[in-house]
Amino acid sequence: MLGIALESGGAKGSYHAGVLKAINELGIGYSAVSGTSIGAVNGALVAQGDIDKLCDFWLNISFDDLFEPSDKPIVELINGEINSALIKKLKNTLYSTLKSKGISTARMYEKLCSMIDPVKLKSSPIDFGLVTVSFPDMKPLHIFKSRMPTEEVCRYILASATFPGFKLTEIGTKKYIDGGAYDSCPINMLFDLGCDEVIAVRVFGGGIFRAPAEKERKVHYIEPSDHLGAILGFSKKQAENNINMGYFDAMRYFKKLAGIKYCIAGFDSEIGYSCISQISKSGIDRLACTLRISSEKTCKRLLLEEIVPSLCSLLKLPECCSYNDILLTALENRAIRLGIDRYKIYDLPDFLHMVCSDIPDTSLCKPRAKRAVSSIVDVFLSVLYHAV
């Protein structure tokens, strides 16, 4: 039985949408979804079968959909957008916010009610659970949909997403705050439900992360390969990027593709050594000249004992890294500089051609007192490209 746990993180939660889209496209079946804060919002939508609505929500949500205009200075403060103009605005805003006991969640609740269908959610074959924390006693509440009264489903989701600084959410006689105050990514509640495997989608948005209680538990961690923006930074451009990132990070993980920021197919375990070992004597001489390495060792020893370790150091790779790590890091290093689209799946020969074919093959080995890492990487890839 497979479950999906979605971590808290505000606007970073747009990343969840991309991961969930990839999981659905790959036909990976799951029985339960748990979430904290924005993870609870996203989890409810996917559990009720509305993945398209989830993506649409992130591509169209704006500041005005969730907050009052007067809340903007507080939101900017939470996002760390501190400047002199903001400081001037904050005095009166902070006073009125404190007087009203926090930022109003009325618009958030209205938006939730327009998206979440409690009847549809409760009748779905996919279970759904969330975490919130009662206040002021700070007791965590892990609750699945079967224990949520239909009329209170959206209130429980709002409770899980009541970020610090927001007005407390009341359900019955109790008040609640964001579930991230206890468990930002509710993996354990899925194991307690009976799942034997969990996909945990992390966004690193703050809160307390509780790793699985038992080390042998099987957890697939999907984590962002780049920054996801500010916690309350709701913008279409950032959401589009995060959705794409989540989609391709998940594809990379489940399809076992190579790459950190890119997705590269056909990168088998021996490809790095195979490529590097094919470098000719002239290529080795060129690399040694570029790296200012002088040695009487034979070509292959010079390559493997001095040039390769020097490349590792320049690329900031550990000594124990593999030949694949060297090749992959060098390729991605240059691909990023060239602005090659990250959000595609490339075959290794095509990616190698895109990254290397336009590197000038002349005058790159002239020794200089200092040479930029990017130039050395270009020499390495040019030599490699012409060797294979």
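Rules and cut-offs
Residues numbered from 1 in each chain as written. Predicted model: local features only at pLDDT ≥ 70, side-chain atom pairs only at ≥ 80, totals over all residues. Heavy atoms only, no water. Helix = DSSP H or I, 4+ residues; strand = E, 2+ residues; numbered from the N terminus. Buried < 20%, exposed > 50% of the residue type's maximum accessible area, 1.4 Å probe, protein only. Contact = heavy atoms within 4.5 Å. Areas by Shrake-Rupley, 256 points an atom, 1.4 Å probe, with all protein chains shown as cover. Salt bridge = Lys/Arg side-chain N within 4 Å of Asp/Glu carboxyl O. Phe/Tyr/Trp six-rings, centres within 6.5 Å; stacked < 30°, edge-to-face > 60°. Lys NZ or Arg CZ within 6 Å of the ring centre and 35° of its normal. Pairing = 2+ DSSP bridges. pLDDT = per-residue confidence, 0-100. Core = buried A, V, L, I, M, F, W, Y, C linked by side-chain atoms within 4.5 Å.

What the protein contains, in helices and strands, is 17 helices and ten strands. Across the 388 residues of the protein, 51% fall into the buried class. Restricting to contacts in the protein with at least 6 residues of sequence separation, those with at least 24 account for 70%. If you sum the accessible surface of the protein, you get close to 18,300 Å²; carbon and sulfur atoms cover 53% of it.

Next up on the list: the environment of L158. Along the chain, L158 falls in helix α9 (residues 153-160). In this structure the C-alpha to C-alpha distance between L158 and M108, which are 50 residues apart in sequence, comes to 7.8 Å. In this view, L158 contacts T105, M108, Y109, L112 and T169; residues no more than four positions away in its chain are not counted.

Turning our eyes to something else, we now look at the pattern of salt bridges. One side chain can pair with another of opposite charge once the charged atoms of both are near each other. Inspection of every chain in the model, using the stated rule, returns 13 salt bridges. With its nearest N and O atoms 3.1 Å apart, the salt bridge here joins R342 to D226. Separated by 116 residues along the polypeptide, R342 in the loop between α15 (323-338) and β10 (345-347) and D226 in the loop between β8 (218-222) and α11 (236-254) bring together distant segments of the chain. Residue D226 is classed as partly exposed on the basis of its relative accessible area, which comes to 33%. With a shortest N-O distance of 3.0 Å, D285 and K281 are connected by a salt bridge. Taken together, the residues span about one helical turn, with D285 and K281 both in helix α13 (residues 281-290) at a distance of four residues. By relative accessible area, which is 35% here, D285 ends up partly exposed. If you follow the salt bridges from partner to partner, you end up with K297, R301, E305 and E306 in one network.

It is worth spelling out unusual backbone geometry at this point. In this structure, the amide linkage connecting F135 to the following residue, P136, adopts the cis form with an omega of 15 degrees. Tracing the backbone shows P136 in the loop between β3 (127-135) and β4 (140-144). Of note, the phi angle at S37 is positive, near 60 degrees, even though the residue is not glycine. You can see S37 is positioned in the loop between β2 (32-36) and α2 (38-47). With a phi angle near 60 degrees, K316 is a residue other than glycine that sits in the positive phi range. Within the element layout of this structure, K316 appears in the loop between α14 (299-314) and α15. For K316, a relative accessible area of 78% gives the class exposed.

Now for the packing of aromatic side chains. Tallied over the full model, the rule gives ten aromatic pairs. Ring geometry for Y262 against Y346: centres 6.5 Å apart, planes inclined by 55 degrees, an arrangement best described as tilted. On the criterion of sequence distance, the pair formed by Y262 in the loop between α11 and β9 (263-265) and Y346 in strand β10 is long-range, its members being 84 residues apart. Pair check on accessibility: Y262 and Y346 agree, each one buried. Aromatic pair Y262 and F351: ring centres 5.3 Å apart, planes at 50 degrees, arrangement tilted. Highlighted residues: Y262 in the loop between α11 and β9 and F351 in helix α16 (residues 348-356), separated in sequence by 89 residues. Note on Y262: relative accessible area 1%, which makes it buried. Taking relative accessible area as the criterion, F351 reaches 0% and is therefore assigned buried. The ring of Y182 has R210 lying over it, and the distance from NZ or CZ to the ring centre is 3.8 Å.

Side chains on a regular strand alternate between the two faces of the sheet. Among the nine residues that make up β3, eight are buried, leaving the element largely enclosed by the rest of the structure. With five bridges joining them, β2 and β3 adopt parallel strand pairing. For T36, the partnering residue across the bridge sits in β3 and is V131. The sheet contact formed by β3 and β4 spans five bridges and is antiparallel. Among the inter-strand pairings, V131 is bridged to a residue of β4, identified as H142.

A few words now on the confidence of the model for the protein. Residues at a pLDDT of 70 or more form 88% of the protein, whose mean pLDDT is 88. A low-confidence stretch, residues 362-370 (pLDDT under 50), is modelled with 14 contacts involving residues beyond four sequence positions or located in other chains.

Our focus in this paragraph is the nonpolar core. Soluble globular proteins: nonpolar side chains tend toward being buried together. Ranked by size, the top nonpolar core spans 68 residues in total, and within it I4, W58, F67, I116, F128 and I157 carry the most contacts. When near neighbours in sequence (up to four residues on either side) are disregarded, W58 contacts G10, A11, G13, S14, A17, I38, N42, F234, A239 and I243. Counting 43 residues, the second largest nonpolar core, distinct from the first, contains I264, A288, L327 and I340.

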